[in-house]
Amino acid sequence: MQANETSLAQQAVPLAEAIAQQQQQLQAWRAQLDTRFPQVDGVFESCMAEASRVLTPDGMDAYLQYARFLGKMGRGVEPLLMFLAEWPAVARTLGEDALPAISAAIHTLWKSPNGKAINPFLQSLPAVARRLPSREPFQRYLSLSLDFMERTTGSIHGHHKTFASPGLPLFFEQAPNLLGKLSIGGLGRWVEYGIRNHNHHPERQREYFSLQSADARAVLQRERRGTLLADHTRVLDLYLQALWTEEALLVPFTVNTDTQMPAATPEGEAPTGMPSQVQPYFDDLGMRLPDVYDDRAGVRGIDRYRAALAHMVGHRRWSQPQVADNWSPFQRLAVETFEDARIDLLLMREYPGMKRTLLALHPKPVQGACNDQTHSCLRHRLAMISRAILDPGHGYTDVHLLDFVGRFHQLLARSDNGQSHTKDVAGLALSCVARIRRQSDQQPLVYFADTEVDYRDDNRHLWIYIEEGDEESSFDEARSSEATPEVDGLPPRPYPEWDHHSQTYRPDWVSLYERLHPSGNPADIDRILTRHAALAKQLKRMLDLLKPQDKVRIRFQEEGSELDLDVAIRSLIDFKSGAAPDPRINMSHRTDGRDIAVLLLLDLSQSLNDPVAGAQGEGGTSVLDLSREAVTLLAWAIEQLGDGFAIAGFHSNTRHDVRYQHIKGFSERFNDDVKGRLAGMEAAFSTRMGAALRHAGHYLGARQADKKLLLILTDGQPSDIDVHDERQLIEDSRQAVRELDQDGIYTHCISLDPKSDAYVSDIFGPRFTVIDHVQRLPERLPKLFMALTR
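These lines cover the structure that appears in this document, whether it is placed above or below. (Residues numbered from 1 in each chain as written. Predicted model: local features only at pLDDT ≥ 70, side-chain atom pairs only at ≥ 80, totals over all residues. Heavy atoms only, no water.)

Some points on the packing of helix α4 (residues 78-94) against helix α6 (residues 118-131)
Thought 1: At their nearest, the axes of α4 and α6 sit 9 Å apart, and the two run at 20° to each other. With respect to each other, α4 and α6 are oriented roughly parallel. Considering only the axes of α4 and α6, their crossing is left-handed. From α4, Glu 78, Pro 79, Met 82, Phe 83, Glu 86, Val 90, Thr 93 and Leu 94 reach across to α6, where they touch Ile 118, Asn 119, Leu 122, Gln 123, Leu 125, Pro 126, Ala 129 and Arg 130.
Thought 2: Of the residues contributing to the contact of α4 with α6, the split by class is 10 nonpolar, 3 polar and 3 charged. (Axes fitted to C-alpha atoms, helices over the stretch in contact; angles between N-to-C directions. Helix = DSSP H or I, 4+ residues; strand = E, 2+ residues; numbered from the N terminus. Parallel < 35°, antiparallel > 145°, perpendicular 65-115°, else oblique. Left-handed = near helix turned anticlockwise from the far one by under 90°. Contact = heavy atoms within 4.5 Å. Nonpolar A, V, L, I, M, F, W, Y, C, P; charged D, E, K, R; others polar.)

Quick look at the packing of aromatic side chains
Thought 1: Applying the stated criterion across every chain, the model contains 22 aromatic pairs.
Thought 2: Centre to centre, the rings of Phe 138 and Tyr 141 are 6.1 Å apart; their planes meet at 40°, and the pair counts as tilted. Note that Phe 138 and Tyr 141 are positioned in helix α7 (residues 135-152) at a spacing of 3 residues, about one turn of the helix. Just as Phe 138 is buried, Tyr 141 falls in that class too.
Thought 3: Feature note: the residues Phe 121, Phe 138, Tyr 141, Phe 148, Phe 171, Phe 172, Trp 190, Tyr 193, Tyr 208 and Phe 209 constitute an aromatic cluster, connected by ring pairs.
Thought 4: Directly above the ring of Phe 282 sits Arg 316, whose terminal nitrogen or CZ lies 6.0 Å from the centroid. (Phe/Tyr/Trp six-rings, centres within 6.5 Å; stacked < 30°, edge-to-face > 60°. Buried < 20%, exposed > 50% of the residue type's maximum accessible area, 1.4 Å probe, protein only. Lys NZ or Arg CZ within 6 Å of the ring centre and 35° of its normal.)

Digging into the state of the cysteines
Thought 1: This structure, assessed with the given rule, holds 1 disulfide.
Thought 2: Between Cys 370 and Cys 377 runs a disulfide, and the two sulfur atoms are separated by 1.8 Å. Here the S-S torsion is close to -80°, and the disulfide linking Cys 370 with Cys 377 is therefore left-handed. Each of the two residues, Cys 370 as well as Cys 377, counts as buried. (Disulfide = S-S within 2.5 Å.)

Focus on the packing of helix α19 (residues 522-531) against helix α22 (residues 623-641)
Helix packing for two helices is described by the angle between their axes and how far apart those axes are.
Thought 1: The N-to-C vectors of α19 and α22 enclose an angle of 80°; their axes lie 10 Å apart at closest approach. Judged by the angle between their axes, α19 and α22 are roughly perpendicular. Contact residues: Ile 525, Ile 528, Leu 529 and Arg 531 in α19; Arg 628, Glu 629, Thr 632, Leu 633 and Trp 636 in α22.
Thought 2: Its residues assigned to classes, the contact of α19 with α22 comprises 5 nonpolar, 1 polar and 3 charged.

Structural notes on the sheet that holds strand β5 (residues 281-283)
Thought 1: The 3 strands are arranged β4-β6-β5 in an open sheet whose pairing can be described as mixed. The open sheet has two free edges, formed respectively by β4 (250-253) and β5, since each of these has just one partner strand. Pairwise comparison of adjacent strand axes, ignoring direction, gives a mean angle of 30° for this sheet.
Thought 2: With 3 bridges joining them, β5 and strand β6 (residues 286-290) adopt antiparallel strand pairing. Of the residues in β6, the one forming a bridge with Tyr 281 is Arg 288.
Thought 3: Docked against the sheet, helix α12 (residues 229-244) engages β4 and β6, running at close to 145° with respect to β4.
Thought 4: The strands touched by helix α13 (residues 301-318) within the sheet are β4, β5 and β6, with β6 carrying the most contacts at an inclination of about 150°. (Pairing = 2+ DSSP bridges.)

Some thoughts on the environment of Ile 596
Thought 1: Mapped onto the fold, Ile 596 is located in strand β15 (residues 596-603).
Thought 2: Once the C-alpha coordinates of Ile 596 and Asp 643 are considered, the two residues, 47 residues apart in sequence, prove to be 5.9 Å apart.

Some details on the nonpolar core
Thought 1: Counting 67 residues, the largest nonpolar core has Tyr 63, Phe 121, Tyr 141, Phe 171 and Trp 190 as the members making the most contacts within it.
Thought 2: By residue number, the principal contributor to this core is α4, which donates 10 residues.
Thought 3: When neighbours within four sequence positions are excluded, Phe 121 is seen to be in contact with Ile 102, Ala 105, Ile 106, Leu 109, Tyr 141, Leu 142 and Phe 172.
Thought 4: Counting residues in hydrophobic clusters, the runner-up holds 61 residues, among them Leu 378, Ile 385, Ala 429 and Val 453. (Core = buried A, V, L, I, M, F, W, Y, C linked by side-chain atoms within 4.5 Å.)

Topic: helix α5 (residues 99-110)
Thought 1: Look at α5: 16 Å from first C-alpha to last across 12 residues, which is about the 16 Å you get at 1.5 Å a residue.
Thought 2: Three or more residues of α5 are buried, namely Leu 99, Ile 102, Ser 103, Ala 105, Ile 106 and Leu 109. What you see down the axis of α5 is that its buried residues fit within an arc of 155°, all on one side.
Thought 3: The secondary structure elements touched by the buried residues of α5 are α3 (57-71), α4, α6, α7 and α8 (168-179). (Expected span 1.5 Å × (residues − 1). Arc of directions from axis to C-beta.)

Quick word on the pattern of salt bridges
Between side chains of opposite charge, a pair can form when the charged atoms approach closely.
Thought 1: On inspection of all chains with the given rule, the structure shows 48 salt bridges.
Thought 2: Arg 688 is the salt-bridge partner of Glu 497, the closest N and O atoms lying 2.9 Å from each other. In this pair, Glu 497 sits in strand β10 (residues 493-499) while Arg 688 sits in the loop between α23 (672-679) and α24 (689-701), placing the two residues 191 residues apart along the sequence. You'll find Glu 497 and Arg 688 in the same group, each marked buried.
Thought 3: Ionic pairing is found between Arg 584 and Asp 582, a salt bridge with its closest N-O pair at 3.2 Å.
Thought 4: A cluster of three or more residues bridged by salt bridges with shared partners is formed by Asp 147, Arg 151, Glu 192 and Arg 196. (Salt bridge = Lys/Arg side-chain N within 4 Å of Asp/Glu carboxyl O.)

Regarding the pairing of strand β16 (residues 644-652)
Thought 1: Counting buried residues in β16 gives 9 out of 9 residues, a clear majority hidden from the surface.
Thought 2: Side chains Gly 644, Ala 646, Ala 648, Phe 650 and Ser 652 of β16 all project onto a buried face; the interleaved residues Phe 645, Ile 647, Gly 649 and His 651 project onto the opposite face, where all are buried too.
Thought 3: Of the pairings in the sheet, the one linking β15 to β16 comprises 7 bridges and is parallel in character. When the sheet's bridge partners are listed, Val 598 is paired in β16 with Phe 645.
Thought 4: Relative to strand β17 (residues 658-664), β16 is paired through 6 bridges, and the arrangement is antiparallel. Looking at the pairing, Ser 652 lines up with Val 658 of β17.
Thought 5: Connecting the antiparallel pair β16 and β17 is a turn made up of 5 residues, with Thr 654 showing a positive phi of about 75°.

A closer look at the sheet that holds β16
Thought 1: Taken in spatial order, the 8 strands line up as β10-β11-β17-β16-β15-β18-β19-β20 in an open sheet, and their pairing is mixed. Each having just a single partner strand, β10 and β20 (768-770) make up the two edges of the open sheet. For this sheet the average axis-to-axis angle between neighbouring strands, irrespective of direction, equals 25°.
Thought 2: Alignment of strand β19 (residues 745-751) against β20, held across 3 bridges, turns out to be parallel. Bridging across to β20, Ser 751 finds its partner in Val 770.

The following block contains the structure:
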């Protein structure tokens, strides 16, 4: 025994040291932040917990230093709270080195009359980063925003900007919604239209950039073309895994559709210069694809993405890098063309259904369309060879083309596995370019019409350059292995909020923090059960009627689990008497049980501390005390039934600090731990209901049950100290209830507010009950539950 105690004591020492180290680190971070805003205290530990998991030590220093600047910027606590909560998620998406560009944009806003736009800019930042997860399109977004600010900020005398941009804050609020429908190029054109047409009309500018005007929606619809990669990343990930057993990070890059070249000039001549679009490519960091694909040649945008991914997977599976130093650009072009054709042919063998898509996307150059006297036509001739390799019905008659197409197929047929090798294909390509190359191919004007196969990547993976070897490369030093002490706690969970004016969501508007509710004395709950013993006995009789029977017999079965003796004897008598016996002499059983999951969500706002009217003689009983008694009896009743049941409470202190507190989990019994949390219930702050409803739906949605019921016990309408429009949170709660309905979750509100008829039906429709006499809550709540789940 003494040895065990010594061992436990030795184990406790490192644990205590770790806790002390965490507290010291928190204090050091708090000192580095150097702010006196009291609102920071409630969220600081959770924010540091998330940041320490995501950021490096240097990143933590930069994070806190910039947060300190925001706190002393003179714009109040809002920018500081938003940056503390949102930056770890942004850094996870874009990387820590995105902070200088973002801070530069904020400084530009701060030094202009547009300081009020900083808050919506910071608020929308995580959602924008998710839509633009690579650096180049995100930088274009920042440049677009600052150009918008510069062009719409007004001045009196034309020298110094004095009037804030009317539309900039609204643009930042709508940016996630817009990027969900437009590419970054389309967003730029939409903004350009608004600035050009409404720059000198502040009210019209506000209507346009809040999407309330007809022309804003019309231009949005006009620019909303193509298939956005951001909307289909999950589907394409599954495509890679299911068909090709490959995994890769899909990274979008911006396609400038305004600069695409036409197929030919009016005189029939092809354009010169570079290809019209950047091609897909892959490297060690992932597969890079255009951020949007239009439907083309009868092929949907999503199928164009599938074709591009399949081609890159084919290169990863079947291509081998070649040394490029001794080959000319023409020779490398020929090798790439032949190797691309080999990969496409192998893809069509693997999945014959891809042939239609690849041939539809592969251009079919017209023989003789390129004029050797004015243009370099080598690309044109190689594109014809590529088409002829894939399409037996190509219709070309050029002798050299037919010769090398035949030799290509013979090369694959002679190989052991029918796939050949990149080195062998490269040898055939070099022979081809030596045969078909002409003196006119040195012309500076290159013929590009019908030569670009846009689903093929740029083949950078195909080449090794000895002259730029590894010995000349420079590598970043490994980051310090010194780990930042972790702080316990769950990171904030962002939730959207519905804006009923614009009929759109404000993405990541609310930060919700969850934790276990602090415990009190479990004996208090036992005393409540003893005091209401008579009511418990009455409930017990009602519960017995609701309890399901474990087994129900199903008789008259030809096949079953056991013999039905009564029917078997009757059949035997019929048989002995010469009548046809009944063959259904077996019976089986089925379970007749309730399959219900219930979550009781308690409004723990400050108003629950108010005394019950007429209860002064009872020692100043508060609404919270009666709610505790009612929930105790309900929990006891559901425990008797055996239904899946959870209890949680919520309150809010602005959108930055919505607290969701777990009192009982679905897997917990109604034991002393749960009773302790129930006894310790405390009420404070405000009622931001929408985020709490969505979070409760998150847990209920994960349950496997035939019926899912969310009960909300509240004593007033949704409200918060940072919301001045009283309809805002009512409309958001109604939208949250609609979302839960779509997920198959039934909601019912129990309101203790006698005046709730003015708003509760707007949120819950007919699914609510108003308890006018709060003293009857302990009696009414369990009976209401039984009526709802009967």
